[in-house]
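What the coordinates show
Next come the chains, spelled out residue by residue.
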Amino acid sequence: MRAIKTQLSIGLVLSLVVMFLLQWLLVSVSIRYLAEQYVASRLEHDTESLLTALNFAGGGAAQLDLARIDQIYQRPFSGHYYRITSAQQTLPSRSLWDQDMPPASLTPGAHAVTRGDGPQRQHLLIRCGGYRKQQHALTLCVAEDLTPIDTGLRHFQWRYAGVSLAALLVLLIVQYRVVRIGLQPLELVRRELQSLERGELSMLDAAAPEELRPLVLQINQLLETLSQRLTRSRHALGNLAHALKTPLTLLNQLADDERLHMHPELRRAVQAQLDALQRITERELKRARLAGAGRSGARVELGTELDALIDTLRRIYRDKGLEFIVRVSDGAYFPGDREDLLELLGNLLDNACKWARHQVRVSVESGSELLLRIEDDGPGCAPQELDHLAQRGVRNDEHTAGHGLGLSIVQEIVEQHGGRLSFGQSETLGGFRVEVVV
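Each chain carries its own residue numbering, running from 1 in the written order of its sequence. Only residues with pLDDT of at least 70 are given local features in this predicted model, and only at 80 or more are side-chain atom pairs given and counted; all residues enter the totals for whole chains, interfaces and linings. In computing side-chain properties, one takes all heavy atoms of the structure into account and sets aside hydrogens as well as water.

1. Some remarks on the sheet that holds strand β11 (residues 359-366)
Pairs of strands are assigned from DSSP output, requiring at least two bridges between the strands. Helical segments are the DSSP runs of H or I of at least four residues, strand segments are the runs of E of at least two, and each set is numbered from the N terminus. Taken in spatial order, the 5 strands line up as β9-β11-β12-β14-β13 in an open sheet, and their pairing is mixed. Each edge of the sheet is formed by a strand with only one pairing partner; in this case those strands are β9 (323-328) and β13 (420-425). Within the sheet, the average angular offset between the axes of one strand and its neighbour, ignoring direction, is 10°. As paired strands, β11 and strand β12 (residues 370-376) are joined by 7 bridges and run antiparallel to one another. Following the sheet pairing, Arg-361 is matched in β12 by Glu-375. It only takes one pair of heavy atoms within 4.5 Å for two residues to be counted as in contact. Every angle, taken between N-to-C directions, lies between 0 and 180 degrees, and every axis is a line fitted to C-alpha atoms, over only the stretch in contact when it is a helix. Contacting β9, β11 and β12, helix α7 (residues 302-316) crosses the sheet at an angle of about 175° to β9.

This is the structure we're talking about:
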């Protein structure tokens, strides 16, 4: 779907354009109609003057007193013409010269206004009427050239179109600013949602317009509900872990009972099941915690947490004398929970330290996505084992020695945050390489 701003802008632009086109057309048609009505009324007055100047002699011949009519009818091709037709003769105006007008024959009392072509391709408005004078029926047609009116009207239309276009541009600018100002609350909510996603906010600002306030309140209520559920889930998991610790310790003690030494096979079977129960409990508790995590609107600065983890690992692996090369871009944040980040980094860095010979390299690049790359100079991982590492749900700590430890949990953390996890061989150090993109 298009953005609301785009839809409103397109709708308003189309509406304004259509409105101005209709206005331009209406004004043009109205002016032409008024002009033609004015010319028609003038032709009617000239018709009355011609009828007054017209007389019939005793033999029925029509005579026109030229001194009583406008002299413009005497000038050739003046644009003003008449044509009087009776039963015996036709009297054209001198202005027609050697041309003629379209013939017409009307009964007394009838009249008509038409358009036609005149001399020199002039566009004429012709008014014809049927009359009876001195017992003689006649048809009198008077015409006027509309070319000057058409030319003036075209000039007016172009000027009016220019003025309308300028007014349209001004209105488009005004409506763009009105739409932009009117949608500023939506833009503010959009920026707040982006800040919420990055973890810069925990709630949306409730001071929203009346139309948006119910939506903002529902989102804030949902965020608060998710936060409460997350807290209750982690408290419950912590209580469960504490409650399981004592029974597992007691079972381990029973497995060391001297009476079971007499049954070594039974003792080994019990101990194996206890170890498996220990691993399964720890794994499923972590997965259950992840299922209740999600994006809670938090974000964690990577540089600070990474430094603290590396200091801890230096102490743990001080016998190996590992060199850590760390490069973190400015403003690098993990878009999630701090516990998730510590578990993700802890598993990956511990794995790298365990297999590295001398060096571990960590690089973090921040952009539209966060790229975390950890490399070591250890023996690496066989290509056929990489496929197992990337498979979802495979318990790599059991199927693949070394690098599979904890990667299933790492993979679930990455997937929970909508990211990607990939494995390969380090091009610079030659050992194992893992990349996380979130």
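2. Details of the side chain of Ser-164
With respect to the helices and strands, Ser-164 occurs in helix α2 (residues 147-182). When accessible area is computed with a 1.4 Å probe and restricted to protein chains, residues below 20% of their type maximum are described as buried, those above 50% as exposed, and intermediate ones as partly exposed. A relative accessible area of 10% means that Ser-164 is categorised as buried. One polar contact links the side chain of Ser-164 to the main-chain carbonyl oxygen of Tyr-160, over a distance of 2.8 Å. A 3.5 Å cut-off defines polar contacts: any pair of N or O atoms within that distance qualifies, except that in protein one atom must be a possible hydrogen donor and the other a possible acceptor, and neighbouring residues in sequence count only when both atoms are side-chain atoms.

3. Considering the packing of helix α1 (residues 4-53) against α2
Following both chains from N to C, one finds α1 and α2 inclined at 160°, their axes separated by 10 Å at the closest point. As judged from the angle between their axes, α1 and α2 are roughly antiparallel. In the crossing of α1 with α2, the sense of the turn from one axis to the other is right-handed. The classification used treats Ala, Val, Leu, Ile, Met, Phe, Trp, Tyr, Cys and Pro as nonpolar, Asp, Glu, Lys and Arg as charged, and all other residues, Gly among them, as polar. Considered class by class, the residues forming the contact of α1 with α2 number 22 nonpolar, 6 polar and 4 charged. Each angle is binned into one of four classes, with values under 35 degrees roughly parallel, values over 145 roughly antiparallel, values of 65 to 115 roughly perpendicular, and all other values oblique. Here is the rule for handedness: rotate from the far helix to the near one, and if that takes an anticlockwise turn smaller than a right angle the crossing is left-handed, while a clockwise turn gives right-handed.

4. Quick notes on the state of the cysteines
What counts as a disulfide here is a pair of cysteine sulfur atoms lying within 2.5 Å. As enumerated under the stated definition, the model contains 1 disulfide in all. What pairs with Cys-128 in a disulfide is Cys-141, and their sulfur atoms sit 2.1 Å apart. One quick way to see it: the torsion about the S-S bond of Cys-128 and Cys-141 is about 115°, and its sign makes the bridge right-handed. One end of the pair, Cys-128, is in strand β6 (residues 123-133); the other, Cys-141, is in strand β7 (residues 136-145), with 13 residues separating them in the sequence.

5. Re a nonpolar patch on the surface
Patches in this entry comprise residues that are over 30% relatively accessible and not in a salt bridge; like charges within 9 Å are linked, as are nonpolar side chains (Val, Leu, Ile, Met, Phe, Trp, Tyr) within 5 Å. In short, Shrake-Rupley with a 1.4 Å probe defines the accessible areas, and a residue's cover is counted only from the protein chains shown. A carboxyl oxygen of Asp or Glu within 4 Å of a side-chain nitrogen of Lys or Arg is what we treat as a salt bridge. On the surface, Ile-4, Leu-8, Leu-12 and Leu-186 cluster together into a nonpolar patch covering about 310 Å² of accessible area. Within the secondary structure, Leu-12 sits in helix α1. By relative accessible area, which is 34% here, Leu-12 ends up partly exposed.

6. With respect to the pattern of salt bridges
Opposite charge on two side chains lets them pair, provided their charged atoms get close. All told, the structure shown has 11 salt bridges when counted by the stated rule. A salt bridge links Arg-83 to Asp-100; its shortest N-O distance comes to 3.0 Å. Of this pair, Arg-83 sits in strand β3 (residues 80-86) while Asp-100 sits in the loop between β4 (90-92) and β5 (111-117); the two residues are 17 residues apart in sequence, bridging distant segments of the chain. Classification of Arg-83 as buried rests on a relative accessible area of 12%. The class of Asp-100 is partly exposed, set by a relative accessible area of 44%. When the shortest N-O distance is used, the salt bridge between Glu-435 and Arg-433 registers 3.5 Å.

7. A closer look at the nonpolar core
If you look at the biggest cluster of nonpolar residues, it comprises 39 residues, and the most contacted ones within it are Leu-344, Leu-345, Leu-349 and Ile-374. Breaking this core down by element, the ones donating at least two residues are α7, α8 (338-355), β11, β12, α9 (383-390), α11 (407-416), β13 and β14 (432-437). Ignoring sequence-local partners within four residues, the contact set of Ile-374 consists of Leu-348, Leu-349, Ala-352, Val-360, Arg-361, Val-362, Phe-432, Arg-433 and Val-434. To define a nonpolar core, start from buried Ala, Val, Leu, Ile, Met, Phe, Trp, Tyr and Cys residues and group those joined through side-chain atoms within 4.5 Å. Core analysis: the second largest hydrophobic core is formed by 21 residues, Leu-50, Leu-64, Tyr-82 and Val-142 among them.

8. Concerning α11
For α11, the tally of buried residues reaches 7 of 10 residues, placing the bulk of the element in the interior. Among the residues making up α11, those that are buried are Leu-407, Ser-408, Ile-409, Val-410, Gln-411, Ile-413 and Val-414. Just beyond α11, the residue with positive phi is Gly-418, at close to 70°.

9. Details of the environment of Arg-420
By the element assignment, Arg-420 lies in strand β13. The partly exposed category is assigned to Arg-420, whose relative accessible area is 48%. Counting along the chain gives 16 residues from Arg-420 to Val-436, while the straight-line C-alpha distance between them is 5.8 Å. Other than its neighbours up to four places away in sequence, Arg-420 contacts Glu-369, Val-414, Glu-435, Val-436 and Val-437. A distance of 3.5 Å separates a polar atom in the side chain of Arg-420 from a polar atom in the side chain of Glu-369.

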